[in-house]
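Each chain is listed here by its residues.
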Amino acid sequence: MHIYCVNLEKRIDRKESAGREFTREGLSVEFFPATDGRINTPSGLDVNPAEYGCSMSHTRIWRDIVDKGHEVSLIFEDDVRLVPNFNSKLKLILEEVKDLEWDIIHLGPLIPIIKRQITPNVYEGQPLGTHAYMMSLECAKKIAAFDPALFKVSVDFQLNRFPLRILCVNTSLAKQESIEDEPLIGLMKS
């Protein structure tokens, strides 16, 4: 499984903080440069520049997944906090869903909207938040071509608008750190 962490390059503090999380859990992560929504922002957007930057950042990762053919990818934002023993808990989830078809598995939905329970630890739903999720290659192929400049809502809402099989964990494996300083540029607070 390939692991990405989207990070606005000038936010070295966030890269270091996320890096400590990944090191603690023994994860090898590719830091992926985020799109700064304040630079070269298209006109006529239905979302604000931060939401556009976040959407563009995630879309670029989806395109990279397709280009490189990663069968399953784990995508983090740089303000993620992982639960202790993240790897072993993730393995349990992957074992539970191994025979299921899925596009996205949210590992820490901010607002759990449950449609139906699928396994003891996973439900089908419409979550919000893009700070920690897994995506299949087939999912990335379905949505990578969409233009974030045309999104009417932020990327986490947009994912729920696509016809995708979205699963969520009952107990979060990752949380989004609440950051009170500079607003997220290229990474909106979900």
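Bear in mind that the values here come from a model prediction, so they are computed numbers and not experimental data. (Residues numbered from 1 in each chain as written. Predicted model: local features only at pLDDT ≥ 70, side-chain atom pairs only at ≥ 80, totals over all residues. Heavy atoms only, no water.)

Caption draft 1: Highlighting the nonpolar core. Phe-22, Phe-76, Phe-86 and Leu-107 are the most contacted members of the largest nonpolar core, which totals 25 residues. Of all the elements, helix H3 (residues 86-97) adds the most residues to this core, at four residues. Excluding anything up to four places from it in sequence, Phe-22 contacts Cys-5, Leu-27, Val-29, Phe-31, Phe-76, Val-80 and Leu-82. Counting 24 residues, the second-largest nonpolar core is a separate cluster that includes Tyr-133, Met-135, Cys-139 and Phe-162. (Core = buried A, V, L, I, M, F, W, Y, C linked by side-chain atoms within 4.5 Å. Buried < 20%, exposed > 50% of the residue type's maximum accessible area, 1.4 Å probe, protein only. Helix = DSSP H or I, 4+ residues; strand = E, 2+ residues; numbered from the N terminus. Contact = heavy atoms within 4.5 Å.)

Caption draft 2: Summary view of the pattern of salt bridges. One pass over the full model with this rule turns up 14 salt bridges. The partner of Lys-152 in a salt bridge is Asp-46, and the shortest N-O contact between them spans 3.0 Å. Of the two residues, Lys-152 is situated in the loop between helix H4 (137-143) and helix H5 (155-161) and Asp-46 in the loop between strand E2 (30-33) and helix H2 (49-68); the sequence distance between them amounts to 106 residues. Two residues, Lys-142 and Asp-103, come together in a salt bridge whose shortest N-O distance is 3.0 Å. With Lys-142 in helix H4 and Asp-103 in the loop between H3 and strand E5 (104-106), the pair connects residues that are 39 residues apart, well separated along the chain. Overall, the relative accessible area of 39% leaves Lys-142 in the partly exposed class. Overlapping salt bridges, with partners in common, bring together Glu-101, Asp-103, Lys-142 and Arg-165 in one network. (Salt bridge = Lys/Arg side-chain N within 4 Å of Asp/Glu carboxyl O.)

Caption draft 3: Looking closely at the sheet that holds strand E7 (residues 122-125). If you walk across this open sheet you meet the eight strands as E2-E1-E3-E8-E5-E9-E7-E6, and the pairing is mixed. The sheet is open, and its two borders are formed by E2 and strand E6 (114-119), each paired with just one other strand. Each strand of the sheet is rotated relative to its neighbour by a mean of 30°, with strand direction disregarded. (Pairing = 2+ DSSP bridges. Axes fitted to C-alpha atoms, helices over the stretch in contact; angles between N-to-C directions.)

Caption draft 4: Spotlight on unusual backbone geometry. The phi dihedral of Asn-40 is positive, around 55°, even though this residue is not glycine. Position of Asn-40 among the secondary structure elements: in the loop between E2 and H2. Here Asn-40 falls in the exposed class, since its relative accessible area comes to 71%. Although it is not a glycine, Asn-85 adopts a positive phi angle of roughly 60°. In this structure, Asn-85 sits in the loop between strand E4 (80-82) and H3.

Caption draft 5: Highlighting a nonpolar patch on the surface. Taken together, the side chains of Leu-110, Ile-111 and Ile-113 define a hydrophobic patch exposed on the protein surface, amounting to about 230 Å² of accessible area. Tracing the sequence through the fold places Ile-111 in the loop between E5 and E6. Its relative accessible area of 44% is what places Ile-111 among the partly exposed residues. (Patch = residues over 30% accessible without salt bridge, like charges linked within 9 Å, V, L, I, M, F, W, Y side chains within 5 Å. Areas by Shrake-Rupley, 256 points an atom, 1.4 Å probe, with all protein chains shown as cover.)

Caption draft 6: Representation of the confidence of the model for the protein within the structure. Scored by pLDDT, the protein comes out at a mean of 90, with 93% of its residues at no less than 70. Of all secondary-structure elements in the protein, the lowest mean pLDDT belongs to H5, at 89, while strand E1 (residues 2-7) reaches the highest, 98. (pLDDT = per-residue confidence, 0-100.)

Caption draft 7: Up close: H3. Relative to the 16 Å expected for 12 residues at 1.5 Å per residue, H3 spans 17 Å between its end C-alpha atoms, a close match to the ideal helical length. Residues of H3 that are buried make contact with strand E3 (72-77), E4, E5, E7, strand E8 (132-136) and strand E9 (166-169). (Expected span 1.5 Å × (residues − 1).)

Caption draft 8: Seen up close, the packing of aromatic side chains. Under the definition given, this model contains six aromatic pairs. Site record: aromatic cluster; members linked through ring pairs are Phe-22, Phe-31, Phe-76 and Phe-86. (Phe/Tyr/Trp six-rings, centres within 6.5 Å; stacked < 30°, edge-to-face > 60°.)

Caption draft 9: Inspection of the state of the cysteines at higher detail. This structure, assessed with the given rule, holds zero disulfides. Here Cys-54 is not cross-linked by a disulfide; its sulfur's nearest cysteine counterpart is in Cys-5, at 12 Å. With relative accessibility at 0%, the residue Cys-54 sits in the buried group. With no disulfide of its own, Cys-168 lies 13 Å from the sulfur of Cys-139, the closest cysteine sulfur. (Disulfide = S-S within 2.5 Å.)

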